[in-house]
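Inside the fold
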Amino acid sequence: MDYLNDYSKELVATGILLILVILSRLIVSKLVRSFARRSQTIEKRTRLVLKYIHLLMNSIAVIALIIIWGVESKDIFIVFSSIATVVGVAMFAQWSILSNITSGIILFFSFPYKIGDYIFIHDKDFPIEAEIEDIGAFHVYLKTQKGEIIVYPNNLMLQIGITILKHPEEMEFTD
C-alpha cells in the first residue's frame, strides 16, 4: 500500500491526462466531422485524417506520460535519438510518402476541388483533363472521358496549376 502512496501524484496526473486525451479526441473528432459535412467531404477521407490527428495526439500523450513519471532525461534522449535516426533514414528513403500524406491532409482542409469536378491539370509534359473520382491519402483518382483511370499523387495536386472546367451539376458526358 505504501507503493501507491509513493506514486499518488503520478497516478492522479495520469488519470487526468487520460481523461483530457479522451475528451480532446472526442472534441477534435466532432470538429473535423463537422468541417467534413460542411465541405461535403467523403467519410473515408474524414476517417483517414482523424486517424492521423489521433496518432499525433497519442504521441503527445505518451510524451506527457514520460514527463509525469519522471523518466531520466538522458534515457529519454537516448530513446528519442534512436527513434529519430531510424525514422530519419526511413523518411529519407521514402520522402515522397510523407509528402503525399501531408499533402492529403492539406487537401482535406483546403481542397478547392471536390469529387465529381471535371478538371484540367496544367502539366507541360502530361496535361490531363479528367473527372475527380476519389481523393485518397496518397493519390487522387481521375477518370478521363475515354474511361481511363489516372492515379495522380497528392503532392503534385498542390504544386501544379489546375483549372476547374465544370462542376458535377454542369457536366454532361456524351459517349
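Right, let's talk about the confidence of the model for the protein chain for a bit. Considering every residue of the protein chain, the mean pLDDT works out to 81; 87% of them sit at 70 or more. The element-level mean pLDDT for the protein chain is lowest in helix α1 (residues 2-6), coming to 65, with strand β1 (residues 118-121) highest at 92.

This part covers the layout of surface pockets. In this structure, the largest pocket spans a volume of roughly 470 Å³. Taken together, 18 residues line the largest pocket, and the ones lying closest to its centre are Tyr52, Leu55, Leu56, Ser59 and Val87. Breaking the lining of the largest pocket down by element, the ones donating at least two residues are α3 (43-68), α4 (73-93) and α5 (95-110). Of the residues forming the lining of the largest pocket, the biggest block, 8 residues, is contributed by α3.

This brings us to the side chain of Asp123. Note on placement: Asp123 falls in the loop between β1 and β2 (128-135). Within the buried set, Asp123 has no salt-bridge partner at all; the shortest N-O distance to an opposite charge, 7.6 Å, is to Lys124. In this structure the side chain of Asp123 is engaged in a polar contact, spanning 3.2 Å, whose partner is the backbone nitrogen of Asp125.

What follows covers the pairing of strand β3 (residues 139-143). Burial along β3 is one-sided: Val140 and Leu142 are buried, and none of His139, Tyr141 and Lys143, which face the opposite way, are. With 4 bridges connecting them, β2 and β3 associate as antiparallel partners. Bridge pairing in β3 links Asp134 to Tyr141. The hairpin turn running from β2 into β3, its antiparallel successor, is 3 residues long. When β3 meets strand β4 (residues 149-153), the two strands line up antiparallel, connected through 5 bridges. Following the sheet pairing, Tyr141 is matched in β4 by Val151.

A cluster of nonpolar side chains, namely Ile19, Ile22, Leu23, Leu26, Ile27 and Leu31, defines an oily patch on the protein surface of about 610 Å² accessible area. Here Leu23 is to be found in helix α2 (residues 8-38).

This paragraph deals with α3. Over its 26 residues, α3 runs 36 Å from end to end, which matches the ideal 38 Å to within 8%, given 1.5 Å per residue. The complete set of buried residues in α3 reads Arg45, Thr46, Val49, Leu50, His54, Met57 and Ala61. After α3 finishes, the residue Gly70 shows a positive phi value of roughly 65 degrees.

Turning next to the sheet that holds β4. With respect to topology, 5 strands assemble into an open sheet ordered β4-β3-β2-β1-β5, the strand pairing being antiparallel. With partners counted over all chains shown, the strands left at the sheet margins are β4 and β5 (162-166), one partner each. When the angles between neighbouring strand axes are averaged without regard to direction, this sheet yields 45 degrees.

Criteria and cut-off values
- Residues numbered from 1 in each chain as written.
- Predicted model: local features only at pLDDT ≥ 70, side-chain atom pairs only at ≥ 80, totals over all residues.
- Heavy atoms only, no water.
- pLDDT = per-residue confidence, 0-100.
- Helix = DSSP H or I, 4+ residues; strand = E, 2+ residues; numbered from the N terminus.
- 1 Å grid on protein atoms, 1.4 Å probe; cavity = no way out; pocket = protein on both sides within 12 Å on 5 of 7 lines; lining within 4 Å.
- Points joined across faces, edges and corners; volume = space filled by probe spheres on them.
- Buried < 20%, exposed > 50% of the residue type's maximum accessible area, 1.4 Å probe, protein only.
- Lys, Arg positive; Asp, Glu negative; His and termini not counted.
- Salt bridge = Lys/Arg side-chain N within 4 Å of Asp/Glu carboxyl O.
- Polar contact = N/O pair within 3.5 Å; in protein donor to acceptor, adjacent residues only side chain to side chain.
- Pairing = 2+ DSSP bridges.
- Patch = residues over 30% accessible without salt bridge, like charges linked within 9 Å, V, L, I, M, F, W, Y side chains within 5 Å.
- Areas by Shrake-Rupley, 256 points an atom, 1.4 Å probe, with all protein chains shown as cover.
- Expected span 1.5 Å × (residues − 1).
- Axes fitted to C-alpha atoms, helices over the stretch in contact; angles between N-to-C directions.

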